[in-house]
Amino acid sequence: MSRSHRVVVIGAGVGGLVAAIDIARRGAEVIVLEQAHAPGGKMREIDIAGQRIDSGPTVLTMRWVFDEIFAESGENIADHLGLRPADVLARHAWSKDERLDLFCDVERSADEIGRFAGAGEAGRFVEFCSRAQATYETLEKSFILSGKPSPASLALNAGLTGLGDLWRISPFTTLWSALGKHFHDPRLRQLFARYATYCGSSPFEAPATLMLVAHVEREGVWLVDGGMHRLAAALADLAARKGATIRYASKASEIVVEGGRAARVRLADGEEVPCDAVVVNADPAALARGLLGGDAARAVGGKAAPRSLSAMTWSLVAKTEGFPLKRHNVFFSSDYKAEFDDILRQGRVPRAPTVYVCAHDRDASGDAAPSGEERLFFIVNAPPVGDRYNFNQSEKDQCLQRALALLERCGAQITVRPEMSVATTPTDFQRMFPGSGGALYGQASHGWNASFTRPTATTSIPGLYLAGGCTHPGPGVPMAAISGRLAAAQVVQGLASTGSSRRAVMSGGT
């Protein structure tokens, strides 16, 4: 490619930024259009009285993905970003007397599980870890890093000797069912079932292959100095150094198709940007609903997929007492099945929710408790109904009180001051990410075939590509980055076989 090729990337989320980096370093002109005033997409910050709180993804895994992105651009990530390995993966609690820490080290976690639930469960945990590792290794190249995987391609790539591995990862079994064979203690089953929520799904409907998350976490969880938003900023800076132009407060309103190809992007103010290819880093549902024009809606046709989970979140500066928080903490509800029935069957926020709490001011070991108030981020799973229901203040307050009551049952007293608290509802997420209904992970990963129906980088319209956590290989910061790399590879391949015919930028209408 050369600077005679222009590629427009819509959205400066992780997938869009990584696509911009990979395309720009190959020589093309890249323009990133971002409607917000900062990069990151869902990797956002909220400012409360001058204190910035990560209010999106809080965990960084698969560091090697980002090491490679920087290395292939001729740079070292350590020169631009402070990364420290976390000692404790998370602290889990069911009551004041039921607490369990998990670590990257399998033996250390097994010892903790033995203390918590007995030697038998510790042994079964080690067996579970082996199965999680085998699942990841079976799927890494054949699915995660594959541009367009299918059941047939998985079987073909596995070959005769690998078909047994494919069968052993239990693709037709739900995660909940598979965990019942690994753990006798219902608390451990509930703990590891939570991995389904990492891709916005129910463990009662998601496939057992999601146990691979256990292996990914044990390979390392990293804390980013200054917060996760610093990763987005570092990627944006790298894209700029490779020659990409990032335009903030620039909302794309339409992708114009001419001659059967994506040819121009029209902005909300009427400006038009001619281009040879477009990468859309957004929920594909926004395309399907015509939010980027009727032409682009045809790119992702077909039946609408079930939405993934949304969330009710709170960014807080608050006083904590009683419970020794780690950086990552999970407080479990007493009835996990009822929690997901409320969300998926009744379409309401759970009456008794599980609550995730990120304590931003805790260090890598989690042992250093700050004096005074500290920065916290709460997450409660919620239904993706943001485009048809607006949660009022009373409902938000009620949900927070339920969350605080669960924490108090586990020994944590959190003093929340309304002026130091910012709530985000599915309605707010729908506003930030139109077309999603507030779903944070695209389509739900329910059923064995769901992963194969998730949109991939290519679409039915030449020159129009997709990236982001709502496309293949799926949600999560490293997966979104991989999606950007897959999209960039398709753009490069597509432009190598076509000539450039773009015209000059036009301002004001058509």
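Remember, it's a predicted structure, so these values are computed and weren't measured experimentally.

Time to look at helix α16 (residues 477–496). When the terminal C-alpha atoms of α16 are compared, their 29 Å separation across 20 residues agrees well with the 28 Å that a helix rising 1.5 Å per residue should span. Counting buried residues along α16, 15 of its 20 residues qualify, which places the element largely inside the surrounding structure.

Moving on, we come to the confidence of the model for the protein. Do not read the fine detail of predicted coordinates wherever pLDDT is low. Chain-level statistics for the protein give a pLDDT mean of 91 and a share of 92% at 70 or above. In the model, residues 159–167 has pLDDT below 50 throughout and makes 9 contacts with residues more than four positions away in sequence or in other chains. Residue range residues 503–510 is modelled with pLDDT below 50. Its contacts to residues more than four positions away, or to other chains, number 21 contacts.

In any sheet, the strands associate via hydrogen bonds between backbone groups, in a parallel or an antiparallel arrangement. Ordered in space as β9-β2-β1-β13-β20, the 5 strands form an open sheet in which the pairing is parallel. Of all strands in the sheet, those bounded by a partner on one side alone are β9 (245–247) and β20 (464–467). Going from strand to strand, the sheet's axes swing by 20° on average, the running direction of each strand aside. Relative to β9, strand β2 (residues 29–33) runs parallel, the two sharing 3 bridges. By the bridge assignment for β9, Leu33 is matched with Arg247. Sheet contacts for helix α1 (residues 14–24): β1 (6–10), β2, β9, β13 (277–281) and β20; angle to β13, the most-contacted strand, approximately 150°.

With that settled, consider the sheet that holds strand β12 (residues 272–274). In spatial order, the strands read β10-β11-β12; together these 3 strands make up an open sheet with antiparallel pairing. A strand with exactly one partner marks an edge of an open sheet, and here the two such strands are β10 (252–258) and β12. On average, each strand axis in the sheet is inclined to that of its neighbour by 25°, with strand direction left out of account. As judged from the 6 bridges shared by β10 and strand β11 (residues 261–267), these two strands associate in the antiparallel manner. Looking at the pairing, Ala252 lines up with Leu267 of β11.

Let us now look at the packing of aromatic side chains. A ring pair, where both rings are aromatic, is described by two values, the distance of the centres and the angle of the planes. In the structure shown here, the tally under the stated rule is 16 aromatic pairs. Considering the side-chain rings of Tyr195 and Tyr198, the 5.4 Å spacing of their centres and the 85° angle between planes classify their relative orientation as edge-to-face. Residue Tyr195 is classed as buried on the basis of its relative accessible area of 5%. Members of the aromatic cluster, connected to one another through ring pairs, are Trp94, Phe116, Trp176, Phe204, Phe332, Tyr336 and Phe340. Looking at Lys42, its charged tip hangs above the ring of Phe433, at a distance of 4.6 Å from the centre. Above the ring of Phe204, the side-chain terminus of Lys337 is found at 5.6 Å from the ring centroid.

With that settled, consider the nonpolar core. In this structure, Val14, Leu60, Phe66, Phe192, Leu235 and Val279 are the most contacted members of the largest nonpolar core, which totals 100 residues. At 10 residues, α16 tops the list of elements feeding residues into this core. Setting aside residues up to four positions removed in sequence, Leu235 forms contacts with Val14, Leu17, Val18, Ile21, Phe66 and Phe70. Membership of the second largest hydrophobic core comes to 27 residues, among which are Leu325, Val349, Cys399 and Cys410.

Conventions adopted
- Residues numbered from 1 in each chain as written.
- Predicted model: local features only at pLDDT ≥ 70, side-chain atom pairs only at ≥ 80, totals over all residues.
- Heavy atoms only, no water.
- Helix = DSSP H or I, 4+ residues; strand = E, 2+ residues; numbered from the N terminus.
- Expected span 1.5 Å × (residues − 1).
- Buried < 20%, exposed > 50% of the residue type's maximum accessible area, 1.4 Å probe, protein only.
- pLDDT = per-residue confidence, 0-100.
- Contact = heavy atoms within 4.5 Å.
- Pairing = 2+ DSSP bridges.
- Axes fitted to C-alpha atoms, helices over the stretch in contact; angles between N-to-C directions.
- Phe/Tyr/Trp six-rings, centres within 6.5 Å; stacked < 30°, edge-to-face > 60°.
- Lys NZ or Arg CZ within 6 Å of the ring centre and 35° of its normal.
- Core = buried A, V, L, I, M, F, W, Y, C linked by side-chain atoms within 4.5 Å.

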